Amino acid sequence: MRPPRTPRRPGFAAPGIIGWAVASALALAAAGSAAAQTTPQPASPETSSQAPQPAPQQTEATTVPPATALPGPPRAETSARTDSGPLLANTLGDDAAWRAYRSRFITEQGRIVDTANGLISHSEGQGYGMLLAVAAGDRATFERIWGWTRANLMVRSDELLAWRWAPDHRPAVADMNNATDGDILVAWALTEAAEAWGEPSYRTAARRIAVEFGRKTILFRDPHGPVLLPAVSGFSARERSDGPLINLSYWVFPAFQRLPIVAPEYDWASLIRSGVDFLRQSRFGPSSLPTEWISAKDSLRPADGFPPLFSYNAIRVPLYLAWAGVGRPEDYAPFKTLWGGIERERLPIVDTRDGQPVEWLSEPGYMAISAITACAADGTPFPEALRTVQDNQNYYPATLQLLSLIAARMRYPSCVKS
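Residues numbered from 1 in each chain as written. Predicted model: local features only at pLDDT ≥ 70, side-chain atom pairs only at ≥ 80, totals over all residues. Heavy atoms only, no water.

Colleague: Any chance you could explain the sheet that holds strand 12 (residues 356–361) here in plain terms?
Modeller: Either a parallel or an antiparallel arrangement is found when strands of a sheet pair, and the pairing is made through backbone hydrogen bonds. Pairing in this open sheet of three strands is antiparallel, and the strands run 10-11-12 from one edge to the other. Two strands in the sheet have a free side with no partner beyond their single neighbour: strand 10 (309–310) and strand 12. Pairing of strand 10 with strand 11 (residues 347–351) involves two bridges; the strand directions are antiparallel. Across the sheet, Leu-309 pairs through a bridge with Asp-351, a residue of strand 11. Docked against the sheet, helix 11 (residues 329–339) engages strand 10 and strand 11, running at close to 115° with respect to strand 11. (Pairing = 2+ DSSP bridges. Helix = DSSP H or I, 4+ residues; strand = E, 2+ residues; numbered from the N terminus. Contact = heavy atoms within 4.5 Å. Axes fitted to C-alpha atoms, helices over the stretch in contact; angles between N-to-C directions.)

The following block contains the structure:
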């Protein structure tokens with residue numbers, strides 16, 4: 001998920017959402033705060049110098065509404081499965097890393113806690129947690145996460161999720177905008193759960209969410225090819241002079257291979273193709289890296305009012321490419337070049353104007369992104385040290401590490417052979 005996320009650093013008041021990371025310019029803070037009133041803003045990791053925060057007290061809502069199962073099943077299920085990709089279920093198993101993750105980041109009620117971002121929760125995190133629970137074969141935890149998500153984030157007038165829940169605010173959901181990647185992740189997780197456990201209500205709920213974000217956030221007739229808006233509000237050509245805006249980390253390619261199971265009426269394959277095409281058109285500056293926020297008004301360029309950074313969100317782009325097994329070797333090359341230098345134990349946030357690092361991501365889980373990129377690009381084995389998750393990490397790097405390990409097991413088993 002994430003409409004704009006900003007890192008929180010000592011002495012810098014983060015305006016909110018979507019990972020436009022790094023406070024490289026204090027002047028942008030005010031603009032970010034104004035934008036946050038109309039756009040969802042994801043949680044972002046803290047700098048590594050800040051200690052993880054303790055688990056929160058369990059104060060959130062516990063009432064769970066009935067599952068959103070209703071009318072008949074989606075049509076054309078059998079034909080939709082032809083090219084639907086590998087199954088997620090049980091690719092992680094009851095791994096010690098999953099048990100540690102569950103203990104640290106998932107409350108008894110099923111809330112995924114972003115430990116580096118004020119202990120908030122967001123639709124992205126709930127979707128990731130649900131995916132990890134399916135991969136672990138842990139249906140009880142999946143039900144807890146899905147139940148909390150229904151009760152606390154499905155509070156809009158449509159089938160989409162409010163993007164952010166803050167434990168120290170009343171109401172806890174202050175911004176009713178969605179974050180499209182959060183909706184995608186939850187719909188994908190429900191689809192995988194339905195396939196794994198044969199539960200019709202999961203399939204129906206997945207379909208309702210997928211149909212809704214397909215109708216409201218995918219512009220299938222854009223001249224560039226299908227465009228995925230980061231949210232229902234705040235990013236379209238009607239709302240911004242440089243719109244529509246896109247964020248390539250919202251193209252969750254492996255989800256688009258599986259969502260035809262529940263919503264076959266949409267051309268998901270064309271959305272995959274457009275995402276890869278957009279990536280190839282977004283090689284900005286000497287590093288040839290995409291920025292977090294991109295204007296797709298005419299030719300693609302960094303969006304107005306956002307730092308031109310390759311940052312917290314964009315590091316997920318090669319993960320999703322690799323997980324889906326799409327793209328050519330040259331699509332991975334800029335990431336592999338960036339992460340293959342002398343700084344092999346931390347990832348840089350890069351200013352695309354000059355290709356220089358402006359900050360470093362030092363928690364070890366981030367390095368799993370470079371590992372899955374190298375695995376997909378040339379079969380480099382996944383390092384043994386990254387096959388377990390260290391206890392002292394925050395939510396975001398720990399999540400990326402487990403997702404990268406799952407992607408390797410699903411698509412590139414030779415990279416993770418013992």
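Colleague: Sorry, what's going on with the state of the cysteines here?
Modeller: By definition, a disulfide is the covalent link that joins the sulfur atoms of two cysteine residues. For the structure shown, the criterion picks out one disulfide. Through a disulfide, Cys-375 is tied to Cys-415; the S-S separation comes to 2.2 Å. Disulfide Cys-375 to Cys-415: torsion about the S-S bond roughly 105°, handedness right-handed. With a gap of 40 residues between them, Cys-375 in helix 12 (residues 367–378) and Cys-415 in the segment after helix 13 (395–411) connect regions that are remote in the sequence. Overall, Cys-415 belongs to the buried group, its relative accessible area being 1%. (Disulfide = S-S within 2.5 Å. Buried < 20%, exposed > 50% of the residue type's maximum accessible area, 1.4 Å probe, protein only.)

Colleague: I'm lost on the nonpolar core in this one. Help?
Modeller: Nonpolar side chains in soluble globular proteins tend to end up buried together. Core analysis: the largest hydrophobic core is formed by 122 residues, its most contacted members being Tyr-101, Phe-142, Trp-146, Leu-190, Ile-209 and Phe-213. Element by element, the count of residues in this core is highest for helix 13, at eleven residues. Those residues in contact with Tyr-101 that sit more than four places away from it in its chain are Ile-106, Ile-112, Leu-132, Tyr-395, Ala-398, Thr-399 and Leu-402. (Core = buried A, V, L, I, M, F, W, Y, C linked by side-chain atoms within 4.5 Å.)

Colleague: So what exactly am I meant to see when it comes to the sheet that holds strand 8 (residues 294–295) here?
Modeller: Taken in spatial order, the three strands line up as 7-8-9 in an open sheet, and their pairing is antiparallel. Each of the sheet's edge strands pairs with one partner strand only, and the pair in question is strand 7 (245–246) and strand 9 (301–302). Strand direction decides the pairing type here: strand 8 and strand 9, joined by two bridges, are antiparallel. Following the sheet pairing, Ser-295 is matched in strand 9 by Arg-301.

Colleague: What exactly am I supposed to notice about the confidence of the model for the chain here?
Modeller: In regions of low pLDDT, the predicted coordinates are not meant to be interpreted in detail. Per-residue pLDDT for the chain averages 84, and the proportion of residues at 70 or more is 79%. The low-confidence segment residues 1–82, where pLDDT is below 50, has 262 contacts with residues more than four positions distant or belonging to other chains. (pLDDT = per-residue confidence, 0-100.)

Colleague: It is not clear to me how the pairing of strand 11 should be interpreted in this structure. Could you clarify?
Modeller: Within a regular beta strand, the side chains point alternately toward one face of the sheet and then the other, so they alternate between its two faces. Across the five residues of strand 11, five count as buried, placing the element largely inside the fold. Residues of strand 11 alternate between two faces, with Leu-347, Ile-349 and Asp-351 on one and Pro-348 and Val-350 on the opposite face, all of them buried. Here five bridges tie strand 11 to strand 12, and the two strands are oriented antiparallel to one another. Its bridge partner being in strand 12, Leu-347 is matched across the sheet by Leu-361. Between strand 11 and strand 12, which pair antiparallel in sequence order, lie four residues; one of them, Gly-355, sits at a positive phi of approximately 75°.

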